[in-house]
Amino acid sequence: MTLRLAVVGHPIAHSLSPAMQTAALRTLRLDATYEARDVEPRELPTIVGELRDGRWQGLNVTLPHKVAVLSLCDHVEDDARVIGAVNTLCVAGGSVIGTNTDVLGLHASIAPYEPVLRGGHVVILGAGGAARAAAAVARRLDASSITIAARDVDKAAFDPFVSAVSFADRAALAAAFARASLLVQATSATMGPGADAFVDALPLDALAPRTIVTDLVYRPRHTRLLDACEARDLVTIDGTEMLVQQGAASLSRWLGRSIDASTTDAMRRALHDALR
Ligand code: ATR
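The shown structure was predicted, so the numbers you read here are calculated from the model rather than taken from an experiment.

So, how was this worked out
- Residues numbered from 1 in each chain as written.
- Predicted model: local features only at pLDDT ≥ 70, side-chain atom pairs only at ≥ 80, totals over all residues.
- Heavy atoms only, no water.
- Salt bridge = Lys/Arg side-chain N within 4 Å of Asp/Glu carboxyl O.
- Helix = DSSP H or I, 4+ residues; strand = E, 2+ residues; numbered from the N terminus.
- Buried < 20%, exposed > 50% of the residue type's maximum accessible area, 1.4 Å probe, protein only.
- Near = heavy atom within 4 Å.
- Polar contact = N/O pair within 3.5 Å; in protein donor to acceptor, adjacent residues only side chain to side chain.
- Areas by Shrake-Rupley, 256 points an atom, 1.4 Å probe, with all protein chains shown as cover.
- Nonpolar A, V, L, I, M, F, W, Y, C, P; charged D, E, K, R; others polar.
- Pairing = 2+ DSSP bridges.
- Contact = heavy atoms within 4.5 Å.
- Axes fitted to C-alpha atoms, helices over the stretch in contact; angles between N-to-C directions.
- Right-handed = clockwise from strand over helix to strand, strands pointing away.

Draft legend 1. Geometry of the pattern of salt bridges. Summed over all chains, the structure comprises 17 salt bridges. A salt bridge links Glu-114 to Arg-118; the shortest N-O distance between them is 2.4 Å. Here Glu-241 and Arg-268 are joined by a salt bridge, their closest N and O atoms 2.8 Å apart. Placement of Glu-241 in helix α10 (residues 240–255) and of Arg-268 in helix α11 (residues 261–275) is noted, with a sequence separation of 27 residues between them. On the basis of relative accessibility, which here comes to 16%, the residue Glu-241 falls in the buried class. We classify Arg-268 as partly exposed; its relative accessible area is 21%. Salt bridges linked by common partners bring Arg-4, Glu-35 and Arg-37 together as one network.

In structure tokens:
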């Protein structure tokens, strides 16, 4: 039987998942397909029903369905509950399970630096879903403390363990930057036309020389933030790595086996080619 996988969203034409997952399935020599399905909000229950009935073996879920799909799942796993969004659906014993592989993906993307990051201070820019995933990873790193920078500090108060600072409070932000072992850029600000102003306003000079910086934005791949940090000789990780690793984590769930390095290499190459 051909394994049928897909990503559902609306619109879906710009999704990078088909290129990445198709490269993985080819490397694994599986009888499997991964499609992009344009699904309007009113059609979402139908495709989730098709998954429950065995017509699909797994789905990725992207905008605008990541939150709405929660109520269509028979079971929602902890990472998806913490983030408040589902990006992966699996089916087991006729039940639809919603999960979110962003926590595993971000954790895997910084894994090479884990020994130096354990027990350190983590600064997260932004207070949306990506920031929640970053806070979950910080807890897995046994972070000594977590600071979330947000335009609206009330939005950052989703976790009693984090301290919130306003982007407008430059002194508090600089103090947090000075202690950071890891800086995670989890806003959409480095993607758009306001990227230069956003980055120029950050107290990057306060970062210690050993701070590791990751920007979860992957379009563009080399964001203005990563350029500015590389100019300061800091180690940077671009957003494509989390995208590759969350995709590998989704595939691992659907196949029920771990994904080897040559398969993730193929996914990374396909993604980098698609972004060129
Ligand atoms: P995602 O699920 O990818 O995290 P999101 O939930 O829309 O996306 O979150 C985006 C985050 O980026 C939000 O915290 C947003 O701040 P607001 O909640 O105040 O809108 C933040 N963000 C976007 N543009 C920003 C900017 N120019 N400066 C600071 N924060 C910004």
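The rest of the description comes next.
Draft legend 2. The arrangement of the site of the ligand in detail. Close to the ligand lie Gly-126, Ala-127, Gly-128, Gly-129, Ala-130, Arg-151, Lys-155, Phe-167, Thr-187, Ser-188, Ala-189 and Phe-198. Measuring from an oxygen atom of the ligand, one finds a backbone N or O atom of Ala-127 at 2.9 Å. Within the backbone of Gly-129, one N or O atom sits 3.1 Å away from an oxygen atom of the ligand. In the complex, 61% of the free accessible area of the ligand, which totals 640 Å², lies under the protein chains. Class assignment for the residues of the shell around the ligand results in five nonpolar, five polar and two charged.

Draft legend 3. Expanded view of the environment of Val-82. Summarising the element assignment, Val-82 is placed in helix α3 (residues 78–83). Judged by relative accessible area, Val-82 falls into the partly exposed class, the value being 42%. For the pair Val-82 and Arg-132, spaced 50 residues apart in sequence, the C-alpha separation works out to 7.1 Å.

Draft legend 4. The sheet that holds strand β5 (residues 88–92), seen in detail. Spatially, six strands are ordered β2-β1-β3-β5-β6-β4 in an open sheet, and the strand pairing comes out mixed. Each having just a single partner strand, β2 (32–38) and β4 (75–76) make up the two edges of the open sheet. The pairing of strand β3 (residues 58–61) with β5 spans three bridges and is antiparallel. Note that in β5 the partner of Asn-60 across the bridge is Thr-88. Of the strands in this sheet, β1 (3–9), β2 and β3 are in contact with helix α1 (residues 17–27), which crosses β2 at around 170°. Packed onto the sheet, α10 meets β1, β2, β3, β5 and β6 (95–99) and runs at close to 10° relative to β5.

Draft legend 5. Fine view of the pairing of strand β11 (residues 212–215). Burial along β11 is two-sided: Ile-212 and Thr-214 facing one way and Val-213 and Asp-215 facing the other are all buried. Viewed along the sheet, the connection from strand β10 (residues 180–185) through helix α8 (residues 195–200) into β11 turns out right-handed. Both β11 and strand β12 (residues 235–237) contribute to a ladder of three bridges, which runs parallel. The residue of β12 that forms the bridge with Thr-214 is Ile-237. This β-α-β element, β11 to helix α9 (residues 224–231) to β12, shows right-handed connectivity.

Draft legend 6. The sheet that holds strand β7 (residues 121–125), seen in detail. As summarised here, the arrangement of the six strands in space is β9-β8-β7-β10-β11-β12, forming an open sheet in which the pairing is parallel. The open sheet terminates on both sides in strands that have one partner only, identified here as β9 (162–166) and β12. Strand-to-strand twist in this sheet, taken as the mean axis angle between neighbours without regard to direction, amounts to 20°. Examined bridge by bridge, β7 and β10 share five bridges and lie parallel to one another. Counterpart to Ile-124 in the pairing with β10 is Val-184. Strand contacts of α9: β10, β11 and β12, with the helix running at about 165° to β11, the strand carrying the most contacts.

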